[in-house]
Amino acid sequence: YESDERLRTLIPVLDEYGEWFGRVVRRLCFPENYNSVEKLTVPENYDEWIQNARKGSFVSDAVYGELEYKRNALHEKAKELMDESLSSGNKTLVENFDIFTGLYDGFVLSLRRLEYDCFLVNSGIDPVSGMLSGQAMKSDLERELERRARRGKPFCLALASIDHYQAIKEISDEQTRHNVIAQAAKAVRSVLRVFDDAYYAGDGEFVVSLKQTDKNGAVAVIERLRKALGEAEIMIQDHGAEHKMTMSYCMAEPLPGDTFDELFSDMRSELKEGGGDDKALEHHEQSAVERFLGNS
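A brief look at the structure comes next. (Residues numbered from 1 in each chain as written. Predicted model: local features only at pLDDT ≥ 70, side-chain atom pairs only at ≥ 80, totals over all residues. Heavy atoms only, no water.)

**Quick notes on the pattern of salt bridges**
Phase 1: Counted by the stated rule, this structure contains 15 salt bridges.
Phase 2: Close ionic contact of D47 with R71 constitutes a salt bridge, the shortest N to O distance being 3.5 Å. One end of the pair, D47, is in helix α2 (residues 45-55); the other, R71, is in helix α3 (residues 61-88), and 24 residues separate them in sequence.
Phase 3: Classification of D47 as partly exposed rests on a relative accessible area of 37%.
Phase 4: Exposure remark for R71: the relative accessible area of 7% places this residue in the buried category.
Phase 5: One salt bridge connects D261 with K138, and the closest N-O pair in it is separated by 3.2 Å. One end of the pair, D261, is in helix α9 (residues 260-274); the other, K138, is in helix α5 (residues 134-151), and 123 residues separate them in sequence.
Phase 6: Judged by its relative accessible area of 43%, D261 is partly exposed.
Phase 7: Residue K138 is classed as partly exposed on the basis of its relative accessible area of 34%.
Phase 8: Each of E66, K70, D105, E144, R147, D197 and K211 takes part in one network of salt bridges that share partners. (Salt bridge = Lys/Arg side-chain N within 4 Å of Asp/Glu carboxyl O. Helix = DSSP H or I, 4+ residues; strand = E, 2+ residues; numbered from the N terminus. Buried < 20%, exposed > 50% of the residue type's maximum accessible area, 1.4 Å probe, protein only.)

Laid out in structure tokens, this is it:
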């Protein structure tokens, strides 16, 4: 009964946002048919739904924060593009339109995960990192690969792994490991855009899906992450001595026809063979390891 009630109240939110998205797109594509006086109503069902969902403990603090962040970014971008379109009378540039649709897709996907949670509890969020879990990762990234093949828009995957994680497990207790993972997750989230997704795959591994990004953009993200980790100075205690935690990275720009299982397995293998101690690698179809980005 509770699952049915959650689903019944969530469906109108999804429907209302679908209608809202269509009206925004129409306005951006045909600005000459509108005037500056007309207002575009913000969907209202969401506010009531999220309040009730939080009261019923259906939406955790981590999920609520993600939803609010993505929703605010979506509405801010919509307002920015509509104001610009109305003032100039011109259609929105395709690169700005892609950012807007990416924000919308990310927000709706988060709501769809909750729709899925109505039937499979705890399927979406990892409690330690606060990121999307490994359970959600495969289906999400398979969907992104299908979109890549269908639309031809690039996206990149990045795998970030805590160096010597198995050794860390041996010398630290559970709470210490949880703190390390949480701090590393915070650094990963700090360098992402609102429509990118990050997952905790377990055993010190983080996977990032970088939307509308080629390999050069992925390299820039990794460099920002290395800088963020350096500033965070996450320390590991080892029998009275302190060691600074580092991560190694592998990134790939999937091609049409790639499968998630094969791609993820290849990235893991390459990172295991060529990574360690803050190395960054780039995965290519023709070459196992084409380029080292260097040590820090």
